[in-house]
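Here is what each chain is made of, one letter per residue.
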Amino acid sequence: QVQLVESGGGLVQAGGSLRLSCAASGSFWKIVAMAWYRQAPGKQRESVATISSDDSTNYADSVKGRFTISRENAKNTVYLQMSSLEPEDTAVYYCNADVLTGLLLRNYWGRGTQVTVSS
């Protein structure tokens, strides 16, 4: 089994910054890709940023230039550095990972961390 645990959420004023972390633990062969999703009140869960095993990244248009996703493979951890935060960024942020366990590719979700941006 694999567990994903997010941390770093909180309350910040508009224009401020936060750094989210997600650490994977358990037994697995390799983390193929990791991603951050978010879900705001009244909206569907959406992909914010993804990072693959070759460190290639993708971002939602709404966060390009403001958010940066990175990974530290030795610690099985992915980060989301968020800058120039806006009230529209308020959401629960979820970590997601595609993980190789033996011969199987499995997908896992964290429980989420709340990010609130005040105007």
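Refer to the structure printed above.
Before going into details, it helps to say that this report is about the structure given with it. Just so it is clear, the structure is predicted and the values come from calculations on it, not from any experiment.

## Things to note about the packing of aromatic side chains
Here comes step 1: A complete count under the given rule lists two aromatic pairs for this structure.
Here comes step 2: Measuring from ring centre to ring centre gives 4.9 Å for Tyr37 and Trp109, while their planes differ by 65 degrees; the resulting arrangement is edge-to-face. Here Tyr37, found in strand E4 (residues 30–39), pairs with Trp109, found in strand E10 (residues 104–109); they are 72 residues apart in sequence, far enough to count as distant.
Here comes step 3: Given the relative accessible area of 23%, Tyr37 is considered partly exposed.
Here comes step 4: Accessibility expressed as a relative area gives 39% for Trp109, which makes it partly exposed.
Here comes step 5: Considering the side-chain rings of Tyr94 and Trp109, the 6.5 Å spacing of their centres and the 85 degrees angle between planes classify their relative orientation as edge-to-face. Of this pair, Tyr94 sits in strand E9 (residues 91–101) while Trp109 sits in strand E10, placing them 15 residues apart in sequence.
Here comes step 6: Through pairs of rings, three or more aromatic residues link up here, namely Tyr37, Tyr94 and Trp109.
Here comes step 7: In this arrangement the basic side chain of Arg45 is found over the ring face of Tyr94, its NZ or CZ atom lying 3.8 Å from the centre.
Here comes step 8: Looking at Arg45, its charged tip hangs above the ring of Trp109, at a distance of 4.8 Å from the centre.

Rules of the game
- Residues numbered from 1 in each chain as written.
- Predicted model: local features only at pLDDT ≥ 70, side-chain atom pairs only at ≥ 80, totals over all residues.
- Heavy atoms only, no water.
- Phe/Tyr/Trp six-rings, centres within 6.5 Å; stacked < 30°, edge-to-face > 60°.
- Helix = DSSP H or I, 4+ residues; strand = E, 2+ residues; numbered from the N terminus.
- Buried < 20%, exposed > 50% of the residue type's maximum accessible area, 1.4 Å probe, protein only.
- Lys NZ or Arg CZ within 6 Å of the ring centre and 35° of its normal.

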